[in-house]
Amino acid sequence: MYTYIFLASTVLVCVVKAQISISKYPAAFQKQPLSSPFLKVVGEKFVKDGQTIFLAGSNVPWHMYGYDFGNGNYVGSKPHLMNYLDRVKNAGGNTVRMWLHMDGRATPKFNNWGLVIDTDNTQRLIPDLIDFLNEARTRNLLVFIVLWNGAAVPTTETKYINLFWDDTKLQSYIDKVLSPMVQSLKTITSLGGWEIMNEPEGFVYEGKTHSSTCFDTNLLKNTGAGQFWTPSHGTKLWIPMQYLQKCINWQTDAIHNEDPKALVTVGAWSELSLANMFSDKYTKNYYSDCCLVQAGGRSNGKLDFYQVHTYTHNGKYNLMAPFKVLL
């Protein structure tokens, strides 16, 4: 039995894209006091301040794609972002999904060798996020910070591509940005959780055979994953599934090490990559504890709840779409 949490993709009326969060039940969070002001998972439900909470809200998700925080940009973006928060609050929402680095075009700061050396050029990224979370708190809104975006065509200029291929570069991001960011934000009660990546299937190498079912992506061939977004195989613009999973595992592990109560997820593009309930012939949970640890080797790098996106095709949801609420 799972709890499906519906998040509308627009603030006001029509739902073009629905996002469903499926809670798991990690024991670590069940041990937290029920009256905790931080969002946590208890059994199959989200709980905050001793009360079960149904997450309902919207993507913000940006004002200037990749440029809202850090580098002195927040002062210009803030009025627009506050307008988004007010619209969600006034519509009765309690949750927003705020995107951060996107593809690394403005943050974090990379050197010429592709190593991450700082949050941004002005070291304003973390103070900006603190301000944004405090503004959300005054509106009784929870914020889920989305670190990266996989639902975009990568190019040779996409700065974060090497984080998937080079462990040293990935660790440099964790050490210089992610861990300090989590450390600085973990006491703010409006932080609902962290999303490592939006729709990583966007540039996965689909149709790739592997001896491990965790890494074999043949069932994703011709589904819209990978080949729909990614230019061509044979370049470093496509990412084998196990490299995506390793990147997720390492970052999730770092967040949990810095803040054991933190909730971490991934925004899966479809139930096809996030469910085992139908048959391995049609679906596979590539983000299961087993698959993530097998890929990255870090035992603390397991997700705390699942988030799956679902889309209509010709005006209809497919038969496996997780468009159901169980209370």
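## Comments concerning the pairing of strand β13 (residues 305–311)
Piece 1. By the criterion of burial, β13 is predominantly enclosed, with six of the seven residues buried.
Piece 2. The pairing of strand β12 (residues 264–268) with β13 spans two bridges and is parallel. For Ala-268, the partnering residue across the bridge sits in β13 and is Val-308.

## Re the sheet that holds strand β4 (residues 45–48)
Piece 1. Taken in spatial order, the three strands line up as β3-β4-β5 in an open sheet, and their pairing is antiparallel. Bordering the open sheet on either side are β3 (40–42) and β5 (51–52), each of which pairs with just one other strand.
Piece 2. Summarising the sheet, β3 and β4 pair through three bridges and their orientation is antiparallel. Looking at β4, one finds that Val-42 is bridged to Lys-45.

## Some words on helix α3 (residues 125–138)
Piece 1. Look at α3: 20 Å from first C-alpha to last across 14 residues, which is about the 20 Å you get at 1.5 Å a residue.
Piece 2. Looking at α3, one finds that the buried residues are Leu-125, Ile-126, Asp-128, Leu-129, Phe-132, Leu-133, Glu-135 and Ala-136.

## Digging into the state of the cysteines
Piece 1. Applying the stated criterion to the full structure yields one disulfide.
Piece 2. The disulfide that involves Cys-214 links it to Cys-291, with 2.1 Å between the sulfurs. A torsion of -80° about the S-S bond marks the disulfide between Cys-214 and Cys-291 as left-handed. Note that Cys-214 is positioned in the loop between β11 (191–198) and α6 (241–258) and Cys-291 in helix α7 (residues 289–296), a separation of 77 residues in sequence.
Piece 3. Considering cysteine sulfurs only, Cys-214 is the nearest to Cys-290, which forms no disulfide, with 4.6 Å between them.
Piece 4. Its relative accessible area of 52% is what places Cys-290 among the exposed residues.

## So, the nonpolar core
Piece 1. Core analysis: the biggest nonpolar cluster contains 65 residues, and Leu-147, Met-181 and Trp-194 have the highest contact counts within it.
Piece 2. In terms of residues, this core owes the most to one element, helix α5 (residues 167–185), which gives eight residues.
Piece 3. Beyond its immediate stretch of four places on either side in the chain, Trp-194 contacts Phe-144, Ile-145, Leu-147, Met-181, Val-182, Leu-185, Ile-255, Ala-262, Leu-263, Val-264 and Thr-265.

## Focus on the packing of α6 against α7
Piece 1. For the pair α6 and α7, interaxial distance at closest approach is 7 Å and the crossing angle is 95°. Here α6 is positioned roughly perpendicular relative to α7, judged by the angle of their axes. Residues Gln-242, Gln-245, Lys-246, Ile-248, Asn-249 and Trp-250 of α6 form the contact with α7, whose own contacting residues are Cys-291, Leu-292, Val-293, Ala-295 and Gly-296.
Piece 2. In the contact of α6 with α7, the residues fall into six nonpolar, four polar and one charged.

The rules we used
- Residues numbered from 1 in each chain as written.
- Predicted model: local features only at pLDDT ≥ 70, side-chain atom pairs only at ≥ 80, totals over all residues.
- Heavy atoms only, no water.
- Buried < 20%, exposed > 50% of the residue type's maximum accessible area, 1.4 Å probe, protein only.
- Helix = DSSP H or I, 4+ residues; strand = E, 2+ residues; numbered from the N terminus.
- Pairing = 2+ DSSP bridges.
- Expected span 1.5 Å × (residues − 1).
- Disulfide = S-S within 2.5 Å.
- Core = buried A, V, L, I, M, F, W, Y, C linked by side-chain atoms within 4.5 Å.
- Contact = heavy atoms within 4.5 Å.
- Axes fitted to C-alpha atoms, helices over the stretch in contact; angles between N-to-C directions.
- Parallel < 35°, antiparallel > 145°, perpendicular 65-115°, else oblique.
- Nonpolar A, V, L, I, M, F, W, Y, C, P; charged D, E, K, R; others polar.

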